[in-house]
Structures are given as structure tokens and as C-alpha cells.
Amino acid sequence: MRRLSDISLHLSQLKYLSPSSSEDQQCSRSFMDVKAASNGVSTIEDRILRITGYYGYYPGYSSHQREEASENRTENLHQDNHVKTRCQSCTSAFFKIFWGFLVILSVSSSWVGTTQIVKVTYKNFHCPFFMTWFSTNWNIMFFPVYYSGHLASAQEKQTLIQKIRECSRIFGEEGLTLKLFLKRTAPFSILWTLTNYLYLLALKKLTATDVSALFCCNKAFVFLLSWIVLKDRFMGVRIVAAIMAITGIVMMAYADGFHGDSIIGVALAVGSASTSALYKVLFKMFLGSANFGEAAYFISTLGFFNLIFISSAPVILYFTKVEYWSSFSALPWAYLCGIAGLWLAFNILVNVGVVLTYPLLISIGTVLSVPGNAD
């Protein structure tokens, strides 16, 4: 009996030492059940914490707190990525416009400089084909300049042989062969030479401003040839621009009264613009949209073809006294090198500008050469 009284006394003491009364425990249990019902099915972790009697624990609270935190973190990451993407796009657009303005000034300056030096050279040296041949030979340096830029900027550098093999795929999977060299390079080299030669001949008949304005019509001719040959989509705005360009050609010839030098000069300038447009359309047809390295390699092959196969033409013109000079020491080498260097810079800028900025800005740079060449 005494033991039973001790046990009952001990149980009563435990009852008073409990953290809450039975009503409080029921309220706490009902509150935890409500939290569990609102937060979903309790996990294994929730059950373990309930069994161990973790103080202040509510079922489902810890797991859902982590889920809400992870969701908030994901949303913050998405917002940060969206902000970074917008900043990167704005930065790239800004740099494209910035490089565009530099390319516009460089293209316009190089073309104006070439035209003006040609006009100065004509005062003492009248050999337009020799000037064309000499300047075209400098195209050989196009690919070495490109490869030097590759070595300076690329993270994964390639050897010269590897780069030549990669860029020579513009001629096909087998690369450049003698047959493809003659088949693909010959017509483009002839068109290139005709474009520059007719342009230089036109500068002997007309002012630099008129020749530059007439040469800018090659954009209209490119559209017409692309529409006819490449079956490009018809655009009314471009056909109106082509009609206006042709009307401008007629008006310029009419303004000078259609006398001998004027009409010949207009015909030469229009011929130069036409061969330039044909070159661009055929390049797109047979060689596709080449990248900068392939274009540099192709233009260098044009220089090699010019040096190997067209070198006989200035020799023939020299001995027939069509283009004659007294001695090689009498040649204006400074002017000739200036023309060739600026012409090479113009071609490099046109090809690099397509990568750095918008093609429209390059066309604007060519158009700005017209007021730049104003006499």
C-alpha cells in the first residue's frame, strides 16, 4: 500500500511538472494539425521532429520554409539573369553602333583618299591599268593581315597551315585545287580588274564627285541582278530606289550636254558600278555567305591570280606605248603605294565592318564619299 501511494504521488508530481496542462496540449496538438493541414502532408523529417518533441516545432513548417526560400532564390536568379541579358544586349548594340561610326569614317576616308590620290597622280602619270594591276597585287596581303589578327585576338590559336585549310573550304571540301583556282578565281579576277580599271578611266573624264556618285549606284544594280539572277524577294522600295538611281545617271549626263568626255565618263562610271554589282551577285551565287576568314583567303587568291596571269597585260601596254613611262625610277612610287594601301584598307574595312557592325552603316560610309570628294 505504501508503494502504491508513492507511485500515485510521483505521477501527480509529473503531471504538475509537465510544460502544459491537458487542455493546452490539446490546443497545441490541434494547432499543429491545422498547420500540417495548411502546409500539406507532413514529411518524414516532420514526424521525426514530432516524435523527438522538438520545442516550438510545427509540422511541415521547416520543409515549406525551405521550398519558399528556394522559390524566392530562383525568382531572384531569373530576375538577375534577365537584367544581365538586357544589359549585355544594350552593351552589344552600343558597341555595334560605336564601331559602326568608326567604320563609316574609315570607309569614307579610305575611298576619298584613294580617289583624290588618283586625281593627283594623273597630273604626271597616265597609266590607269598599271595602277589597277599594281593595287590588285596588294590583295595578296589580305589573308596575312587576317591571320595576324587571328593570332592577336583568338584564344585557341591555329597554325598557318590549319587556317589555310579551314578557309580554303570556300572552294569546296577538297580545298583549293588548280582546276578550281582557274575556274573560280579567273572570272572574279577579271570582274575585279574591270571594276577598278573603269573607275580609274572615269576619273580621267569626270570630276571625283560625279564618279563617286555614279559608282554608288552599284547598290541599285545589285538589287536588280539579285532579283533577276538569285530570285530574291521583290521589294517596291528598292525598285523605286533603282529607278531613281538610273534617273540620276541620265540627269547627270544631260546636265553636261551629252558632249564627248561627259558621256564617255558617265558610261565608264556606270560600267564600273555594273561590274562591281555583278561581282557581288556572282560571289553570293557561287561562294555563298563566306565568313571573314574565307573572304580574306579568296581575295588573296585574286591577288595571286592577278600577279601570275594578268602581269602580261601591263607589259604589252608598255611596249605598245599605250601606257608608257621612261624608267622605273620615274614612277611615282609614293602615290602608287598610297593608292594600293588605301584600296586594300577599304576592302578590309568593308569585310571587317560586316562582322563588327550593321551592313547598312558600311553603305552609308560609301555614300559619304560623294561629299568628301567634292571639288
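Quantities reported herein were computed from a predicted structural model and do not represent experimental measurements.

### Concerning the overall build of the protein
Helix and strand content of the protein: 17 helices and 0 strands. The buried share of the protein, reckoned over its 375 residues, is 37%. Across the protein, the fraction of contacts at a sequence separation of at least 24, relative to all contacts at a separation of at least 6, is 78%. Total accessible area on the protein stands at roughly 22,600 Å², and carbon and sulfur atoms take up 65% of it.

### Quick look at the confidence of the model for the protein
Confidence along the protein averages 76 in pLDDT terms, with 69% of residues attaining 70 or more. Per-element mean pLDDT across the protein ranges from 44 in helix 2 (residues 22-39) up to 95 in helix 5 (residues 128-137).

### Some points on the pattern of salt bridges
On inspection of all chains with the given rule, the structure shows 1 salt bridge. Note that Lys-163 and Glu-166 form a salt bridge whose closest N and O atoms lie 3.8 Å from each other. Of this pair, Lys-163 and Glu-166 both sit in helix 7 (residues 160-167), separated by 3 residues, roughly a single helical turn. Take Glu-166: its relative accessible area is 31%, and that puts it in the partly exposed class.

### What about the packing of aromatic side chains?
All told, the structure shown has 32 aromatic pairs when counted by the stated rule. Summarising the aromatic geometry, the rings of Trp-111 and Phe-215 are spaced 5.5 Å apart at their centres and angled 25° between planes, so their arrangement reads as stacked. Of the two residues, Trp-111 is situated in helix 4 (residues 61-121) and Phe-215 in helix 9 (residues 208-215); the sequence distance between them amounts to 104 residues. Take Trp-111 and Phe-215: they sit in the same class, and that class is buried. For the ring pair Tyr-318 and Phe-319, a centre distance of 5.3 Å and an interplane angle of 80° mean the geometry is edge-to-face. Residue Tyr-318 is classed as partly exposed on the basis of its relative accessible area, which comes to 22%. Residue Phe-319 is classed as exposed on the basis of its relative accessible area, which comes to 64%. Here the aromatic cluster, defined as three or more aromatic residues joined through ring pairs, consists of Phe-125, Phe-130, Trp-133, Phe-134, Trp-138, Tyr-318, Phe-319, Tyr-324, Trp-325, Phe-328 and Trp-333. A cation sits over an aromatic face here: Lys-204 above Tyr-122, 5.7 Å from the ring centre. Above the ring of Tyr-324, the side-chain terminus of Lys-321 is found at 4.9 Å from the ring centroid.

### Quick word on helix 13 (residues 292-309)
Owing to its 3.6 residues per turn, the α-helix brings residues three or four apart onto one side. The terminal C-alpha atoms of helix 13 lie 26 Å apart, and with 18 residues this matches the ideal 26 Å at 1.5 Å per residue to within 8%. Here helix 13 lies mainly inside the structure; 13 of its 18 residues are buried.

### Things to note about the side chain of Asn-196
Counting through the fold element by element, Asn-196 comes out in helix 8 (residues 178-205). By relative accessible area, Asn-196 is classed as buried at 9%. Discounting residues that sit within four places of it in the chain, Asn-196 has contacts with Thr-132, Thr-136 and Trp-343.

### Notes on a nonpolar patch on the surface
A cluster of nonpolar side chains, namely Leu-178, Leu-182, Phe-304, Leu-307, Ile-308 and Phe-309, defines an oily patch on the protein surface of about 580 Å² accessible area. Among the elements of the structure, helix 8 and helix 13 are those that each provide at least two residues to the nonpolar patch. If you tally residues by element for the nonpolar patch, the top one is helix 13, at 4 residues. Tracing the backbone shows Phe-309 in helix 13.

Cut-offs used in this document
- Residues numbered from 1 in each chain as written.
- Predicted model: local features only at pLDDT ≥ 70, side-chain atom pairs only at ≥ 80, totals over all residues.
- Heavy atoms only, no water.
- Helix = DSSP H or I, 4+ residues; strand = E, 2+ residues; numbered from the N terminus.
- Buried < 20%, exposed > 50% of the residue type's maximum accessible area, 1.4 Å probe, protein only.
- Contact = heavy atoms within 4.5 Å.
- Areas by Shrake-Rupley, 256 points an atom, 1.4 Å probe, with all protein chains shown as cover.
- pLDDT = per-residue confidence, 0-100.
- Salt bridge = Lys/Arg side-chain N within 4 Å of Asp/Glu carboxyl O.
- Phe/Tyr/Trp six-rings, centres within 6.5 Å; stacked < 30°, edge-to-face > 60°.
- Lys NZ or Arg CZ within 6 Å of the ring centre and 35° of its normal.
- Expected span 1.5 Å × (residues − 1).
- Patch = residues over 30% accessible without salt bridge, like charges linked within 9 Å, V, L, I, M, F, W, Y side chains within 5 Å.

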